[in-house]
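Report on the structure
Single-letter residue listing:
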Amino acid sequence: MIPLATTQSVLAAGAACVAAYFVAPSLSCKAFSRSVWRQTGRPGKLLLTFDDGPDPRYTPALLDLLGEWGVPACFFVVGENAAACPDLIRRMTAEGHEVGIHSYRHENARFRRPSFAGADLEQSLAALRELGAEPRYYRPPWGNCNPFTLYEARARGLETVLWSVMAQDWERGATPRRTAQRLLGRVGSSSIICLHDRSMGKSADDTAPGRTIQALRLALPALQRAGFTFILPEEMAR
Ligand SMILES: [Zn+2]
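Residues numbered from 1 in each chain as written. Predicted model: local features only at pLDDT ≥ 70, side-chain atom pairs only at ≥ 80, totals over all residues. Heavy atoms only, no water.

A short note on the overall build of the protein
Of the regular secondary structure elements, the protein holds eight helices and eight strands. Its C-alpha atoms give the protein a radius of gyration of 19 Å, within 12% of the compact-globule value 18 Å for 238 residues. Across its three principal directions, the C-alpha atoms of the protein cover 75 × 40 × 35 Å. The buried share among the 238 residues of the protein stands at 51%. With an accessible surface of roughly 10900 Å², the protein has 57% of that area assigned to carbon and sulfur atoms. Averaging the positions of the 28 positive and the 23 negative side-chain charges in the protein gives two centres separated by 7 Å. (Helix = DSSP H or I, 4+ residues; strand = E, 2+ residues; numbered from the N terminus. Rg over C-alpha atoms; globule rule 2.2 N^0.38 Å. Buried < 20%, exposed > 50% of the residue type's maximum accessible area, 1.4 Å probe, protein only. Areas by Shrake-Rupley, 256 points an atom, 1.4 Å probe, with all protein chains shown as cover. Lys, Arg positive; Asp, Glu negative; His and termini not counted. Charge placed at Lys NZ, Arg CZ, Asp CG, Glu CD.)

Right under this line is the structure:
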């Protein structure tokens, strides 16, 4: 018979391994790692970011709006979506926006093998370089990492950027006014704002990015009237 103490030790060791691989890296990325950007570090300066795109149905109108208001943004694009919309990646770059990496297929690194992080970044970098972009920033989908994600990003010269403000703009009930209210209520002095120009994942509403653009028509002038300005990631400060 195996002693009870031994069984408990084995279970505890197993739980520790699960936590070390599946829980700790994402927690560190989202809350503790000092190498991850979650604020711009510059009072009154906001970073506007869009995940999951590009989407030919929504991204052109979003770029029109940002141009209208003179607002730069960082697009964390999904590699396969970018490869399907090369002109939109070229337009982002030509109009002064930053193009960052949001994985190649929007997979959750937390549940993937150790080698996934490096392979995914390589595939994403190759796809975006093919389109003339030179990514410098990375945002893992859902902010989830495995133990190698941050190391693999740094090894390729990529800085990891998460967020401090979300507005749940992907939800079915996210009306433009509601999303704008959430944004205006949550933005702080040096927030990094995360919105979406494409719907990815089961819980996302396919038509939501259209309402996100309408929400920005309400929120951008209000934020500018309140004295906020928008910067690119390269202008952030520790
Ligand atoms: Zn995403």
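Brief notes about helix 8 (residues 208-225)
Taking 1.5 Å per residue as the helical rise, helix 8 with its 18 residues ought to reach 26 Å, and the 26 Å between its terminal C-alpha atoms agrees with that figure. Approximately 30° is the largest bend angle found in helix 8, and it occurs at Leu216. Once helix 8 ends, the next one or two residues include Gly227, with phi positive near 100°. (Expected span 1.5 Å × (residues − 1). Bend = angle between axes of the 7 residues up to and from the residue.)

Quick look at the environment of Leu128
Secondary-structure assignment places Leu128 in helix 5 (residues 116-130). For the pair Leu128 and Asn146, spaced 18 residues apart in the sequence, the C-alpha separation amounts to 23 Å. Leaving out residues up to four positions away in the same chain, Leu128 has contacts with Val77, Ala82, Ile89, Val99, Gly100, Ile101, Ala133 and Pro135. (Contact = heavy atoms within 4.5 Å.)

Comments concerning the pairing of strand 3 (residues 98-101)
Here strand 3 shows a buried face lined by Glu98 and Gly100 and a second buried face lined by Val99 and Ile101. In this structure, strand 2 (residues 74-77) lies alongside strand 3, joined through four bridges in parallel fashion. Bridging across to strand 3, Phe75 finds its partner in Val99. (Pairing = 2+ DSSP bridges.)

These values are about where atoms sit, not about what they do.
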